[in-house]
Amino acid sequence: MKAVILAGGLGTRLSEETHLKPKPMVEIGGKPILWHILKIYSSHGINEFIICCGYKGYVIKEYFANYFMHTCDVTFHLDEDNRMEVHHRKNEPWKITLVDTGDHSMTGGRLGRVRNYLGDQPFCFTYGDGLADVNVGALISHHQQMGKLVTLTAVQPPGRYGALQLAGGAVRNFQEKPDGDNAWINGGFFVLEAEVLDWVDADSTSWEADVLPQLAAAGQLSAFRHEGFWQPMDTLRDKNRLEDLWATGEAPWKRW
């Protein structure tokens, strides 16, 4: 099974980093968050990827074109034949196709742009800026059992602000990281049947605003409830949280 990853947006809320690189190339623990996403899928046996590039897509292409330069020690033999010797190669079992899906395409439009690389088999699909400890194998099995065109991973995000329990003018309880409002939201990590590509009309099609509501109305959208770790990287605060988890060896998404 292949996995398609959206990696073309501007990432304006993380402009501290994204004025130089696309958001999926922002690093967590010295590696792009995109690398972490590939590792999540690879740990579940999915090793063929189609990356939907857009804004500063050349940065992603350069990273994988020079993967060993970024991940290994190297010796440059300038005194001989100008060759590069790679030490302690860290090979990954990945096949990666990088597709220019336009600077201004919407999420659905980007998916539509890569249909020629997908064939007629089901595939995974997710955002290039979110990490989770989703059991991808169980997700795929759930999709097969439900028999719908699309399965999304439903998550319950934590609250972003400290919560107060008040009694008159007194604070009875303070919770730094409340559980949120218990609403289930779209957490990415989809499984799609190839036929759903026919629901994408143009580059301006939004996956979230156009396609998903139509699928739900048609009874063709199922949800896989994930109650474990899930964290998007929308802001510098989110990035710092992911960095802290990685630095302390407590990254829940690291299953490899």
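Residues numbered from 1 in each chain as written. Predicted model: local features only at pLDDT ≥ 70, side-chain atom pairs only at ≥ 80, totals over all residues. Heavy atoms only, no water.

S.K.: How should I be thinking about the pairing of strand S4 (residues 48–53) in this particular structure?
M.R.: Note on strand geometry: in a regular strand, side chains alternate between the two faces of the sheet. Across the six residues of S4, five count as buried, placing the element largely inside the fold. Both S4 and strand S7 (residues 95–100) contribute to a ladder of six bridges, which runs parallel. Following the sheet pairing, Glu48 is matched in S7 by Lys95. (Buried < 20%, exposed > 50% of the residue type's maximum accessible area, 1.4 Å probe, protein only. Helix = DSSP H or I, 4+ residues; strand = E, 2+ residues; numbered from the N terminus. Pairing = 2+ DSSP bridges.)

S.K.: Quick question: what am I supposed to make of the pattern of salt bridges here?
M.R.: Any two side chains of opposite charge can pair, so long as their charged atoms come close to each other. Summed over the entire model, instances satisfying the criterion amount to 12 salt bridges. Residue Lys239 pairs with Glu17 through a salt bridge whose shortest N-O separation is 3.9 Å. Highlighted residues: Lys239 in helix H8 (residues 236–247) and Glu17 in helix H1 (residues 15–18), separated in sequence by 222 residues. For the salt bridge of Glu92 with Lys39, the shortest nitrogen-to-oxygen distance reads 3.2 Å. Here Glu92, found in the loop between strand S6 (83–87) and S7, pairs with Lys39, found in helix H2 (residues 33–42); they are 53 residues apart in sequence, far enough to count as distant. Its relative accessible area of 23% is what places Glu92 among the partly exposed residues. Lys39 sits in the buried class, given a relative accessible area of 13%. Connected via shared salt-bridge partners are Lys2, Glu48 and Lys95. (Salt bridge = Lys/Arg side-chain N within 4 Å of Asp/Glu carboxyl O.)

S.K.: How should I be thinking about helix H3 (residues 57–65) in this particular structure?
M.R.: Think of an α-helix as 3.6 residues a turn; residues three or four steps apart then line up on the same face. Restricting attention to buried positions, one finds in H3 the residues Gly57, Val59, Ile60, Tyr63 and Phe64. Take H3 and look down its axis: the buried residues cluster within an arc of 160 degrees, on one side only. Seen from the open side of H3, the exposed residues pointing more than 90 degrees away from its buried face are Tyr58 and Ala65. Buried-residue contacts for H3 involve strand S1 (2–7), strand S3 (31–32), H2, S4, helix H4 (67–71) and S7. (Arc of directions from axis to C-beta. Contact = heavy atoms within 4.5 Å.)

S.K.: Mind showing me how you'd approach the nonpolar core here?
M.R.: One broad trend across soluble globular proteins is that nonpolar side chains are buried collectively. In this structure, Tyr41, Phe49 and Trp253 are the most contacted members of the largest nonpolar core, which totals 42 residues. Within the residue set of this core, elements represented by two or more residues are S1, H2, S4, H3, strand S9 (130–132), helix H6 (136–146) and H8. Considering every element that reaches this core, the biggest residue donor is H2, with seven residues. Discounting residues that sit within four places of it in the chain, Tyr41 has contacts with Ala3, Ile46, Phe49, Cys124, Phe125, Thr126, Val136 and Phe189. Within the second largest apolar cluster, 24 residues are counted, among which are Leu6, Val99, Phe123 and Val196. (Core = buried A, V, L, I, M, F, W, Y, C linked by side-chain atoms within 4.5 Å.)

S.K.: It is not clear to me how H6 should be interpreted in this structure. Could you clarify?
M.R.: Along H6, the residues that are buried comprise Val136, Leu139, Ile140, His142 and His143. Axial view of H6: buried residues confined to an arc of 160 degrees, hence all on one face. Exposed side chains of H6 directed beyond 90 degrees from the buried face belong to Gln144 and Gln145. Where H6 is buried, its residues contact H2, strand S8 (123–127), strand S10 (150–155), strand S14 (190–192) and strand S15 (221–225). Two or three places before Gly137, at the opening of H6, Asn135 has a side-chain oxygen 3.2 Å from that residue's backbone nitrogen. Among the residues trailing H6, Gly147 stands out with phi positive, at a value near 70 degrees. (Polar contact = N/O pair within 3.5 Å; in protein donor to acceptor, adjacent residues only side chain to side chain.)

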